[in-house]
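# Structure assessment
As a plain string of letters, each chain reads:
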Amino acid sequence: VPVSTAVEPEPIDASVRSGASETVAFKRRRRCGRVLCACCTLTVLFFGGMVLLTLFAPDTFMTLIPYVMHALLPRHAGCAQSLSAPEKVLLDLARSSYVEAMPSALSRHAQVADAAADAWVRRHGKLRGVNLGGWLLLERWLVGGVEWWDTACCGPVLSPYVNTSCESVPSEWHLTRELRERDALHLIDDFRDAFISRPDFFAIKAAGLNSVRLPIPYWFVLASDDYHTGKGLLHVDDAVRWAEEAGLLVVLDLHGAPGGQSGAQTTGREAPEWEPSWFDPDATVHALTVLAMRYANRTAVVALEFVNEPELPAHTLAGVYKRASRAVRAAGMDATRVALVINAYSPSGVLSVFEDVWPVFNREITPPEHPNVLIDLHLYYAFLPTPLNEMPLCVVTGEAVTLQSDLLDMAGGGGGAGGGGGGG
């Protein structure tokens, strides 16, 4: 209407205006209520279906876990972007209803309390740390791609893999043979003396982290002519002492097991011809026992990981882990102070972990006989299945880890590895 011909509206009585506002607000509430009710109904149906699947078709449920996670996790483009208030309400409702419903619906075997795990969690809280990979076990993919490394203590240090090729020297086993022939084993000693040192531990603490994972090769513990040991466990002694001085916690990790837990270079020897029969379970348990006896009373040591990324049958590993658990506890590693860590890993990918590995561990390695056992789940972002690989890295390595642990624990029926709050 042209301004010149606009008609001034008649004043509206305050009570009429108030009534009209209340009517509009009521309509809005009713619409929002319908949306929320519909969302709640869908949520109940979705998680009810998951409960039924877990009860009557657990294998199917395991394969659906990534999609359940996809439904529950925010799919925004960046970490800074937060969920809207209604999305947060629905997400919290979905999670809480699922967490409350599953344990009672799932108890194929009784839930078992794990007082040692509870005590460990109360004492240490969450470990947020960094893996000191490539230092003591010389994984080529970690330390072989750079000729000189800048160090905190000693300036530049030469990579022991310098002037070698990936084809002829793909791992430390090959490197040892090569350097022996060249009378140059000192390159390994020089590297280990400098690559990680005391200032690094204080830098890690200053960065806001509270722990380190320390990969250890078996040849530091047991005699082997196939590798150059050098100072051996004295390096581990240094790391534990530096951690105590810096106020950090330590997860000891038997990264390379006797005979190899796979044919990957991460074990110390890349061997495409490797077979599971190479793995030596007796020597592995012995190596873990030696580590337990040596570090049982060190205040910084709060966890011992048995074997890193094994490509062995789950039932075989479960037997080894149960033997190691008993041996390590007998060697003095108290369950309320030191957790035992087993790696839920499959070379076939994360879905195989859900289907093949986790059900075995969660049924066989249980408290009270095996208290305070943690599950180490390696999520390689580059190799995640769809739809998890569509999520931002910050979600996969943060929210997804917590949710995945909850789903795995519930799918396993509770009371298994990591029971009592120890799983993760």
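Residues numbered from 1 in each chain as written. Predicted model: local features only at pLDDT ≥ 70, side-chain atom pairs only at ≥ 80, totals over all residues. Heavy atoms only, no water.

## Some details on the nonpolar core
Considering soluble globular proteins, one finds that nonpolar side chains tend to be buried as a cluster. One finds F201, L214, V236, F306 and F361 to be the most contacted residues of the largest nonpolar core, which totals 80 residues. In this structure, L249, V302, A339 and L374 belong to the second largest nonpolar core, which totals 8 residues. (Core = buried A, V, L, I, M, F, W, Y, C linked by side-chain atoms within 4.5 Å. Buried < 20%, exposed > 50% of the residue type's maximum accessible area, 1.4 Å probe, protein only.)

## Some remarks on the pairing of strand β6 (residues 301-305)
In terms of burial, β6 is a largely internal element, 5 of the 5 residues being buried. Tracing the backbone out of strand β5 (residues 249-256), into helix α10 (residues 281-295) and back to the parallel element β6 gives a crossover that is right-handed. Bridge count for β6 against strand β7 (residues 339-344) is 3 bridges, and the pairing is parallel. Note on β7: the bridge partner recorded for L304 is L340. Considered for its hand, the β-α-β crossover made up of β6, helix α11 (residues 314-330) and β7 is right-handed. (Helix = DSSP H or I, 4+ residues; strand = E, 2+ residues; numbered from the N terminus. Right-handed = clockwise from strand over helix to strand, strands pointing away. Pairing = 2+ DSSP bridges.)

## Here we look at the pattern of salt bridges
Tallying each qualifying case throughout the model produces 15 salt bridges. For the salt bridge of E178 with R182, the shortest nitrogen-to-oxygen distance reads 3.7 Å. Looking at E178, the relative accessible area reads 26%, which means it is partly exposed. Between K231 and D193 there is a salt bridge whose closest N-O contact spans 3.1 Å. Taken together, the residues span a long stretch of sequence, with K231 in the loop between β4 (211-217) and α9 (233-246) and D193 in helix α7 (residues 186-195) at a distance of 38 residues. The exposure class of D193 is partly exposed, given its relative accessible area of 35%. It is possible to trace a salt-bridge network through shared partners that takes in R198, D238, R241 and E245. (Salt bridge = Lys/Arg side-chain N within 4 Å of Asp/Glu carboxyl O.)

## Focus on the packing of aromatic side chains
What the rule picks out here adds up to 8 aromatic pairs. Ring centres of Y218 and Y227 lie 6.1 Å apart, and the angle between their planes is 85°; on these two criteria the pair is classed as edge-to-face. Between F306 and Y321 the ring centres are 5.7 Å apart and the planes differ by 45°, which places this aromatic pair in the tilted class. Residue F306 is located in the loop between β6 and α11, and its partner Y321 is located in helix α11; the two are separated by 15 residues in the primary sequence. Ring pairing ties together the aromatic residues W149, F191 and F195, which thus form one cluster. When the ring centre of W173 is taken as origin, the NZ or CZ atom of R269, which lies over that ring, is 3.8 Å away. (Phe/Tyr/Trp six-rings, centres within 6.5 Å; stacked < 30°, edge-to-face > 60°. Lys NZ or Arg CZ within 6 Å of the ring centre and 35° of its normal.)

## What about the side chain of S171?
On the secondary structure map, S171 appears in the loop between β3 (155-158) and α6 (172-181). Using a relative accessible area of 0% as the deciding quantity, one classes S171 as buried. Reaching out from S171, the side chain makes a polar contact with the backbone oxygen of G268 at a distance of 3.5 Å. Sequence-distant contacts of S171, that is, excluding residues within four places in its chain, are made with Y161, Q265, G268, R269 and E270. (Polar contact = N/O pair within 3.5 Å; in protein donor to acceptor, adjacent residues only side chain to side chain. Contact = heavy atoms within 4.5 Å.)

## A look at the state of the cysteines
One pass over the structure, following the stated rule, counts 1 disulfide. Two residues, C153 and C154, share a disulfide whose sulfurs are 2.3 Å apart. Taking the sign of the S-S torsion, -95° for the link of C153 and C154, the bridge is left-handed. (Disulfide = S-S within 2.5 Å.)

## Overview of unusual backbone geometry
Following P367, the chain continues into P368 via a peptide bond in cis, with omega recorded as 5°. Within the secondary structure, P368 is located in the loop between α12 (350-364) and β8 (373-377). A positive phi is found at N372, a non-glycine position, where the angle reads about 55°. Along the chain, N372 falls in the loop between α12 and β8.

## Here we look at the packing of helix α8 (residues 198-206) against α9
Following both chains from N to C, one finds α8 and α9 inclined at 40°, their axes separated by 9 Å at the closest point. It follows from the interaxial angle that α8 and α9 lie oblique. Taken as a pair, α8 and α9 cross one another with a handedness that is right-handed. Only A239, W242, A243, E245 and A246 of α9 make contact with α8, whose side of the interface consists of R198, F201, F202 and K205. Of the residues in the contact of α8 with α9, the class split is 6 nonpolar, no polar and 3 charged. (Axes fitted to C-alpha atoms, helices over the stretch in contact; angles between N-to-C directions. Parallel < 35°, antiparallel > 145°, perpendicular 65-115°, else oblique. Left-handed = near helix turned anticlockwise from the far one by under 90°. Nonpolar A, V, L, I, M, F, W, Y, C, P; charged D, E, K, R; others polar.)

## What to know about the packing of α11 against α12
Two numbers describe how α11 lies on α12: the axes approach to 9 Å, and their chain directions differ by 35°. Handedness of the crossing formed by α11 with α12: right-handed. The segment α11 lies against α12, with A314, H315, L317, A318, Y321 and K322 engaging D356, V357, V360, F361 and E364. Its residues assigned to classes, the contact of α11 with α12 shows 7 nonpolar, 1 polar and 3 charged.

## Comments concerning the pairing of strand β2 (residues 148-151)
Across a regular strand the side chains alternate sides, sitting on one face of the sheet and then on the other. Both β2 and β3 contribute to a ladder of 4 bridges, which runs antiparallel. Each bridged residue has a counterpart across the sheet, and for D150 the counterpart in β3 is P156. As consecutive antiparallel partners, β2 and β3 are separated by 3 residues.

## Side note on the confidence of the model for the protein chain
Put simply, the protein chain has an average pLDDT of 79, and 67% of its residues get 70 or more. Confidence over residues 14-30 falls short of pLDDT 50; this stretch has 1 contact with residues more than four positions distant or in other chains. Segment residues 413-424: pLDDT under 50, and 40 contacts once partners within four positions in sequence are set aside and those in other chains are kept. (pLDDT = per-residue confidence, 0-100.)

## Overview of α9
Spanning 14 residues, α9 covers 20 Å between terminal C-alpha atoms, matching the ideal 20 Å at 1.5 Å per step. For α9, the set of buried residues is L233, H235, V236, D237, A239, V240, W242, A243 and A246. Contacts made by the buried residues of α9 are with α7, α8, β4, β5, α10 and β6. Looking one or two residues past α9, G247 carries a phi angle of roughly 80°, positive in sign. (Expected span 1.5 Å × (residues − 1).)

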